[in-house]
Amino acid sequence: MTLPGAPHIAYRGDDLFIEDRRVAELARAHGTPLYAYSRAAMLAALASYQRALAGRDHLICYAMKANSSLAVLQTFAQAGCGFDIVSGGELERVLACGVPASKVVFSGVGKTRAEMRRALEVGVMCFNVESEAELEVLSQVASAAGRIARVSLRVNPDVDAGTHPYISTGLKGNKFGIAHQDALANYQRAAGLPGLHVVGIDCHIGSQITDAGPYLDALDRLLELIETIEAHGIPIHHLDLGGGLGITYTDEAPPSAEALVTSLLARIDARGHGHRRIMFEPGRSLVGNAGVLVSEVLYVKPGEQRNFCIVDAAMNDLMRPAMYQAWMRIVACRRRDDPTMIFDVVGPVCESGDWLGKDRALAVRAGDCVAVLSAGAYSMTMASNYNTRGRAAEVMVSGDRVWLIRDREQPSELFRGEHLLPANAG
Ligand SMILES: *Cc1c(COP(=O)(O)O)cnc(C)c1O
């Protein structure tokens, strides 16, 4: 059985390993719930993009909302990556890792003035602007600060929903980006504003895309637009194709990053745009298959209609199943010879929506550990403190080495900053 995450996450005999460490032993040493990551898997995912882009002017900006733990950012920064941020908080995180702001692009539909000021102060490489109103505000903020904001417009290429219905952010009628037909007017507006300097164009058409088709469609529309915009005297230096490449959760078979990027570059070159700086903003595809969420089985609760496997990780640790009905593979950290049973794998949180997987065949007993696979992206970053549960600890594995990269959150930390009413409140 090949697991998503292989070869870095795989069974050796009956034991699940991350690189050269037994997952069950990581759980024993660090407690559960525990996020564990393979550093080699992250670097291999990045290298797939890097191979395709080698020898050209390019920048890969890791979309850090997928997993923003400092050691993850550091891993990518040391490998030459830039970063795509969507908040002032994310900006402070990358700066805390020593990343130069000149490798940071700032995306998002709702940047505040305060976030803009801070990003200008540190000198981010580019703002990916998503509306005309944002252009105006950014220009005012930049002028007031005596700076020039470098901007790219996020264009919504409106790629054909009929052929690619799974795309969620590149279509008319969602909140992201500037409509394709309005792009030229917005570029002209941007070029006329005193606080702005146009440097690029970008798009981001969705997430968990498992086929090159929509990217090629979006690229064609962007190249056309670039030609039109430049014909109106506004030079476009870089072309940023966003993120969105999918990973394997169950049986999806997305192209490799290398194959996808190679086919996009071939189209870019064929249409005479090969001299531009090329950028990507991958998130999920760099980290998703590199992580697991390890959890202990607390109780096995057989029932007339359903059997429950109650584990110590819950929807607050891993929101994707509850929020998107996401299917993530769940396996035993140590395989047993026991007959399997069909379980709903659920957490302790007081919500019926608190499940990690339904109808899963598992052979487990109380005290065993299970691992939710493909949990490196949009997992820890979406964790909450619901039910006053501290967030999980995280470890990074590299070969036979393990580092604790985040302490388990303690109960007292969860209400630090809260205040009782004074005695005279009545
Ligand atoms: C979320 C996001 C990404 C990354 O998306 P993935 O599907 O994780 O690759 C890239 N760019 C922008 C603007 C985003 O919002």
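Residues numbered from 1 in each chain as written. Predicted model: local features only at pLDDT ≥ 70, side-chain atom pairs only at ≥ 80, totals over all residues. Heavy atoms only, no water.

S.K.: Where do I start with the site of the ligand in this structure?
M.R.: Neighbouring the ligand are 14 residues, the closest being Lys 65, Ser 207, Glu 281, Arg 284 and Tyr 378. With respect to the ligand, the side chain of Lys 65 contributes an N or O atom lying 2.8 Å from an oxygen atom. For the ligand, a nitrogen atom lies 2.6 Å from a polar atom in the side chain of Glu 281. For the ligand, whose unbound accessible area comes to 390 Å², protein coverage reaches 93%. (Near = heavy atom within 4 Å. Polar contact = N/O pair within 3.5 Å; in protein donor to acceptor, adjacent residues only side chain to side chain. Areas by Shrake-Rupley, 256 points an atom, 1.4 Å probe, with all protein chains shown as cover.)

S.K.: Help me understand the pairing of strand β4 (residues 34-38), please; the structure alone is not making it clear to me.
M.R.: Taken residue by residue, a regular strand's side chains alternate between the two faces of the sheet. Within β4, five of the five residues are buried, which leaves it mostly tucked inside the rest of the structure. With burial as the criterion, each face of β4 is covered, one bearing Leu 34, Ala 36 and Ser 38 and the other bearing Tyr 35 and Tyr 37. Here four bridges tie β4 to strand β14 (residues 291-301), and the two strands are oriented antiparallel to one another. What sits directly across from Leu 34, in β14, is Val 294. Relative to strand β20 (residues 393-398), β4 runs parallel, the two sharing five bridges. What sits directly across from Ala 36, in β20, is Val 395. (Buried < 20%, exposed > 50% of the residue type's maximum accessible area, 1.4 Å probe, protein only. Helix = DSSP H or I, 4+ residues; strand = E, 2+ residues; numbered from the N terminus. Pairing = 2+ DSSP bridges.)

S.K.: Whenever I open this one, the side chain of Arg 360 confuses me. Can you help?
M.R.: Examined against the element boundaries, Arg 360 turns out to sit in strand β18 (residues 355-362). At a separation of 2.8 Å, a polar atom in the side chain of Arg 360 contacts the main-chain carbonyl oxygen of Met 328. If we ignore the near neighbours within four places in the chain, the residues touching Arg 360 are Trp 327, Met 328, Arg 329, Ile 330, Met 341, Ile 342, Phe 343 and Val 345. (Contact = heavy atoms within 4.5 Å.)

S.K.: Would you explain the packing of helix α4 (residues 88-96) against helix α5 (residues 113-122) in this entry?
M.R.: Between α4 and α5, whose axes approach to 9 Å, the crossing angle comes to 25°. On the basis of the axis angle, α4 is roughly parallel to α5. For α4 against α5, the interelement crossing comes out left-handed. Where α4 approaches α5, its residues Gly 88, Leu 91, Glu 92 and Leu 95 are matched on the opposing element by Glu 115, Arg 118, Ala 119 and Val 122. Its residues placed into classes, the contact of α4 with α5 shows four nonpolar, one polar and three charged. (Axes fitted to C-alpha atoms, helices over the stretch in contact; angles between N-to-C directions. Parallel < 35°, antiparallel > 145°, perpendicular 65-115°, else oblique. Left-handed = near helix turned anticlockwise from the far one by under 90°. Nonpolar A, V, L, I, M, F, W, Y, C, P; charged D, E, K, R; others polar.)

S.K.: Quick question: what am I supposed to make of the nonpolar core here?
M.R.: Note that soluble globular proteins tend to have their nonpolar side chains buried in a common cluster. Of all hydrophobic cores here, the largest spans 104 residues; its most connected members are Tyr 62, Phe 76, Phe 127, Ile 201 and Leu 239. A total of nine residues in this core trace back to one element, the largest contributor, which is helix α8 (residues 213-231). A domain split of this core shows at least three residues from each of domain 1 (2-38 + 288-414) and domain 2 (107-282). Setting aside residues up to four positions removed in sequence, Tyr 62 forms contacts with Asn 67, Val 72, Leu 73, Phe 76, Cys 81, Gly 82, Phe 83, Asp 84, Pro 282, Gly 283, Leu 286 and Val 287. Judged by nonpolar contacts, the second largest core, of 21 residues, contains Ile 9, Leu 16, Ala 24 and Val 294. (Core = buried A, V, L, I, M, F, W, Y, C linked by side-chain atoms within 4.5 Å. Domains from an automatic or database assignment.)

Any functional reading would require information that these geometric values do not contain.
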